[in-house]
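Results of the structural survey
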Amino acid sequence: MQMAIVKMSKFNLLVFNSDRENLLHELQKFNYVHFLDLKEDESLEDYDLNIVEVPESIVAVDEKIAKVRSAINTLSKYQKKETGLKAMQEGGETIEFTELEAKASKIDYETICGQVLELNSKMDELGQEIAKTNAEISELNPWVKLETPIKDLELFKQVEALLGTIPKKLRQNVENDLSTTEYTYFEVLSEDKDNLNVLLLIHRDELEKVRDILRSYSFSNTKINIEGDIATEIAKFEEEINQLKEMIFQNKGRLENLTEELSSLQIVYEYLMNVKLKLSASENFLKTDNINVIEGYIPTDMREEFTQVVKDSLNNLYYLELEEADKDDENVPILLKNSKFSRSFQSITQMYALPNYNEIDPTPLLAPFYSFFFGMMVADLGYGLLLFMATAFVLRVFNLTEEQKDTIRFFYYHSIFTILWGLIYGSFFSFTLPIQILDSATQYNQVLIISIVFGIIHIYFGLGVNGYMSLRDGRPLDALFDVGFWYMALTGGIILLLSAATSLIPEGVATVSKYVMIVGMVGIVLTGGRSSSNIGGRLAGGLYELYGISSYVGDFVSYSRLMALGLSGGFIASAINDMVFMLFDLGIIGIIFGVIIFIIGQSFNLFLSLLSAYVHSIRLAYVEFFGKFYEGGGKAFKFLRSKPKYISIK
Amino acid sequence: MADFMLNYGGVVMGAFGAALAVLLSGIGSARGVGMVGESSTALMIEQPEKFGKSLVLQLLPGTQGLYGFVIALLALGQLTANMSLSQGMFIFMSCLPIAIGGWTSAVFQGRVAVSGVNLLAKNDEQATKGIIYAVMVETYALLAFVISLILLNAVSF
């Protein structure tokens, strides 16, 4: 079981231009290759090398990817979903990477995508068509009372027929004025919010007079561009809409049938993404007219496999140099390898920064503390059991990817510490258990002291790691200066404070620790500024370093959150319980509401406690712990396979 | 008036302290949660899939109100009708750290969380860092909470 940063070897590879494709193809199966971007390597600038460029092929692949992606998105809208639980149980399909190409090449994805995209744009068109027809119908609807065909209105000899709208509020005035005419017929066919839709039959003799009246009441003439009668026309449009809907229904059916091809398209998508990655990988290389220059890193324990792959794919026409990566080379990519327990905490390390190649992987160091603190901040047997059962159930029943499993396991481990601390505090959903080692509600002063003691242990451990790294790198003096003196100053100071505050410390011990502290502090002042070149700078640096003792005080106090979060979560839960008991006294309805409030309130508090514990443990890890020894800033190892999106690939 | 203060001043001041602990920290939390809620709502227009993370960001400034609530409950537990004025004043003072510390830290935490929502909108993968920045502010609310708690039980009358 390895727990650390994976050892890397650097390789230099020269191959013929023509072999590049084949090499990359084989290396992608191997996957564990990280290429250095040689464009950025200044030492190669003088050799008159060109950049390998493959833009056209990348653009072509990108276009294909865009097409497949939009087909997948379209089809997944029409897919009949399995229920969440069942889908999770079955999980995604798993295929071997080596099969991916063969499988993808058998799938006629161009045709499928063509069909899907065509059907999809057809659907859009049909939708627009329906909207247009609906608009026509709503234009005709106001005139539906007019039973005569429109063209017949023009056949009158003595009379002129007019259709139009008049503002509603002028109705009375218009009717009054028109009643002065002799041969004019006025009818309101329908009305909407503001206007009346009216029909007028006017004798030609009165035409001028009526027009004047109408003009003064803002009549506006309506032209209807059909010939037959309106009801029939509307029926025709409705028939059209029905046909369009039928077509949409058919197209939808076709799309639903095509969802069978969804998994094939997903395979093609993964394949194309890998092709793209392979193509863009070659942009890291440099070339002369015939030769490609390739540099990069592989895990040291895979050297033989790598050499074999290179040999097989290049027919022995190549030049390969392999050497252990230099410890201080900052280009070395970082790959972490940890035990099952620590691995689930890798995301925490990654979020801060990957380690440099000459550092150590802090994940296994932070993991036990993190989980322990997490448990102390939630600290409830009931919450712990719930979390334990939920995560164990998910791990057992669902088919998850390794990454998802790590995330679930992360909380699975915390649940154990939460149960442990729940037992110590004797708290079950904030009800007091018969056995209680520490009552956090009354003995919080003790809990506070314990929290700070844990903080001291945590910080001492972090300092110890710092010292270990100095010793490992053959700098024992640095270990003494940066860690040893601090141990002395802090330990001496703490014991001295204790002896002043309590009578627990014998006088002799107090005196000794006073001198230990002074030696430590003087040591810090003398050595803290040793990187500076002049005496003044050294002394100032040393004093500044000693001033850092104030930040240690801050660090220790910061651990009071271990007590505070556990306590506030507990108090909120017991406030919920009190409310529930008050409701229970109100009879049957009170009991029903009580149960509901208990479930909702406790779930909310559980969620909040988990969230707080998660982020505050992170803070303790990043600020108080990492601050003592960890720098970070390494680059992640870039694999030669793309991370699958839809299916799992082995 | 002086008589009234002597007879009932203790319980009034104690209750006033408990009320302030809930009120001020609650005001701060409400403002903080509100600010983050507003900017998260805007985020939902284009990126509804980020609801979960934005909810976490929104909850962060909400905890101060809960700390104030806990302190108020503890203070309420100590109230008696005929407590002395000095005891009531002591409870009142004990409530001040979480009342004022909770109030201001919630508002500032809310502001950091709003920037966190911006980060979430533009770079999903780094959003957890926004959460951690916001948590840094909460440290001071926690310290205020611890001191209020210790004060409440430090002196027995």
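Predicted model only: the values in this text are computed from it and were never measured.

Take the environment of V453 of chain A next. By the secondary structure assignment, V453 of chain A is in helix α16 (residues 444-472). Along the sequence, V453 of chain A and Y271 of chain A sit 182 residues apart, while their C-alpha atoms lie 54 Å from each other.

Listed by partner, the interface residues are 24 residues for chain B and 27 residues for chain A. Between chain B and chain A, a total of about 2300 Å² is buried, with carbon and sulfur atoms accounting for 85% of that surface. Broken down residue by residue, the surface that chain B buries against chain A is led by L59, I132 and L142 of chain B, which jointly contribute 19%. Taken together, chain B and chain A are joined by six residue pairs in polar contact (both at pLDDT 80 or more). Listing elements by their share of the side of chain B that touches chain A, those giving two or more residues are α2 (51-59), α3 (63-78) and α5 (127-154) of chain B. With 15 residues, α5 of chain B is the largest single contributor of residues to the side of chain B that touches chain A. Its residues placed into classes, the side of chain B that touches chain A shows 18 nonpolar, four polar and two charged.

With that settled, the discussion passes to the pairing of strand β11 (residues 291-299) of chain A. Residues and elements named next belong to chain A. Within β11, eight of the nine residues are buried, which leaves it mostly tucked inside the rest of the structure. Sheet topology note: the strand β2 (residues 8-16)/β11 ladder contains nine bridges and is antiparallel. The residue bridging F16 from the neighbouring strand is I291, located in β11. Judged from the two bridges that link them, strand β10 (residues 286-287) and β11 form a sheet pairing that is antiparallel. By the bridge assignment for β11, K287 is matched with N292. Hairpin connection, β10 to β11: the antiparallel pair is bridged by three residues.

Turning next to the packing of helix α13 (residues 363-378) of chain A against helix α15 (residues 402-425) of chain A. Residues and elements named next belong to chain A. The geometry of α13 relative to α15 is characterised by a closest axis approach of 7 Å and an angle of 50° between their N-to-C directions. With respect to α15, the element α13 is oriented oblique. The handedness of the crossing between α13 and α15 is right-handed. Of α15, the residues touching α13 (which contributes Y370, S371, F372, F374, G375, M376 and V378) are F410, F411, Y413, H414, F417, T418, W421 and Y425. For the contact of α13 with α15, the residue count by class is 11 nonpolar, four polar and no charged.

The next point concerns the pairing of strand β8 (residues 195-203) of chain A. Residues and elements named next belong to chain A. With seven of nine residues buried, β8 lies mostly within the body of the structure. When strand β6 (residues 159-167) meets β8, the two strands line up antiparallel, connected through nine bridges. Bridge pairing links L162 to L200 in β8. In this structure, strand β7 (residues 184-191) lies alongside β8, joined through seven bridges in antiparallel fashion. By the bridge assignment for β8, E187 is matched with L199. Between β7 and β8, which follow one another and run antiparallel, lie three residues.

Right, let's talk about the sheet that holds β7 of chain A for a bit. Residues and elements named next belong to chain A. Spatial strand order, β7-β8-β6-β9: four strands in an open sheet with antiparallel pairing. One side of each edge strand has no neighbouring strand; the edge strands of this open sheet are β7 and β9 (220-221). Where β6 meets β9, two bridges bridge the pair, whose relative direction is antiparallel. Within β9, the position partnered with G164 by the bridge is N221. In the packing of helix α6 (residues 171-178) onto the sheet, the strands contacted are β6, β7 and β8, and the crossing angle to β7 comes to about 160°.

Moving on, we get to the packing of helix α19 (residues 535-547) of chain A against helix α20 (residues 549-558) of chain A. All names here are of chain A. Viewed as axis vectors pointing N to C, α19 and α20 meet at an angle of 20°, and their least axial separation amounts to 4 Å. It follows that α19 is roughly parallel to α20 by the angle criterion. Only I549, S550 and S551 of α20 make contact with α19, whose side of the interface consists of E545, L546 and Y547. In the contact of α19 with α20, the residues fall into three nonpolar, two polar and one charged.

Here the focus is helix α1 (residues 20-30) of chain A. All names here are of chain A. Buried within α1 are the following residues: R20, L23, L24, L27, Q28 and F30. Take α1 and look down its axis: the buried residues cluster within an arc of 150°, on one side only. Of the surrounding secondary structure, the elements contacted by the buried residues of α1 are β2, β3 (34-35), α4 (97-106), α9 (262-281), β11 and α10 (303-314). One or two steps after α1, the chain reaches N31, where phi turns positive at roughly 70°.

This part covers the packing of aromatic side chains. For any pair of aromatic rings, the description rests on two quantities: the centre-to-centre distance and the angle between the ring planes. Residue and element names in this part refer to chain A. Tallied over the full model, the rule gives 51 aromatic pairs over all chains. Between the aromatic rings of Y544 and Y547, the centroid separation amounts to 6.4 Å while the plane-to-plane angle is 35°, which identifies the pairing as tilted. Remark: Y547 and Y544 occur in helix α19; sequence separation between them is three residues, near one turn of the helix. We classify Y544 as exposed; its relative accessible area is 61%. When the ring of F625 is compared with that of F629, the centres are 5.1 Å apart and the planes differ by 75°; the resulting orientation is edge-to-face. Of this pair, F625 and F629 are both found in helix α22 (residues 588-629), four residues apart, which corresponds to roughly one turn of the helix. For the pair F625 and F629, a shared accessibility class is recorded, and that class is buried. Above the ring of Y552, the side-chain terminus of K628 is found at 5.0 Å from the ring centroid. Across from the ring centre of F97, 4.0 Å away, lies the NZ or CZ of R641, which sits over that ring.

Taken as a whole, chain A is organised into domain 1 (1-52 + 285-359 + 634-639), domain 2 (55-130 + 236-282), domain 3 (148-228) and domain 4 (362-628). On a C-alpha basis, the centroid separation for the pair domain 2 of chain A and domain 3 of chain A is 57 Å.

Turning to helix α2 (residues 55-78) of chain A, a few remarks are in order. Residues and elements named next belong to chain A. Taking 1.5 Å per residue, 24 residues should reach 34 Å; α2 reaches 35 Å between its end C-alpha atoms and fits that length. Within α2, burial applies to I58, V61, I65, V68, A71, I72, T74, L75 and Y78. Where α2 is buried, its residues meet α5 (109-140), α8 (230-258) and α9.

Before going further, it helps to examine the confidence of the model for chain B. Caution applies to low-pLDDT parts of the model: their predicted coordinates are not meant to be read in detail. Residue and element names in this part refer to chain B. Averaged over every residue, the pLDDT of chain B is 90; the share at 70 or more is 100%. The secondary-structure element of chain B with the lowest mean pLDDT is α2, recorded at 87, while helix α4 (residues 85-122) shows the highest, at 94. Two numbers describe this predicted complex: its pTM, 0.81, and its ipTM, 0.80.

About the criteria used
- Residues numbered from 1 in each chain as written.
- Chains lettered and ligands numbered in written order.
- Predicted model: local features only at pLDDT ≥ 70, side-chain atom pairs only at ≥ 80, totals over all residues.
- Heavy atoms only, no water.
- Helix = DSSP H or I, 4+ residues; strand = E, 2+ residues; numbered from the N terminus.
- Contact = heavy atoms within 4.5 Å.
- Buried area = accessible area lost by both parts, 1.4 Å probe.
- Polar contact = N/O pair within 3.5 Å; in protein donor to acceptor, adjacent residues only side chain to side chain.
- Nonpolar A, V, L, I, M, F, W, Y, C, P; charged D, E, K, R; others polar.
- Buried < 20%, exposed > 50% of the residue type's maximum accessible area, 1.4 Å probe, protein only.
- Pairing = 2+ DSSP bridges.
- Axes fitted to C-alpha atoms, helices over the stretch in contact; angles between N-to-C directions.
- Parallel < 35°, antiparallel > 145°, perpendicular 65-115°, else oblique.
- Left-handed = near helix turned anticlockwise from the far one by under 90°.
- Arc of directions from axis to C-beta.
- Phe/Tyr/Trp six-rings, centres within 6.5 Å; stacked < 30°, edge-to-face > 60°.
- Lys NZ or Arg CZ within 6 Å of the ring centre and 35° of its normal.
- Domains from an automatic or database assignment.
- Expected span 1.5 Å × (residues − 1).
- pLDDT = per-residue confidence, 0-100.

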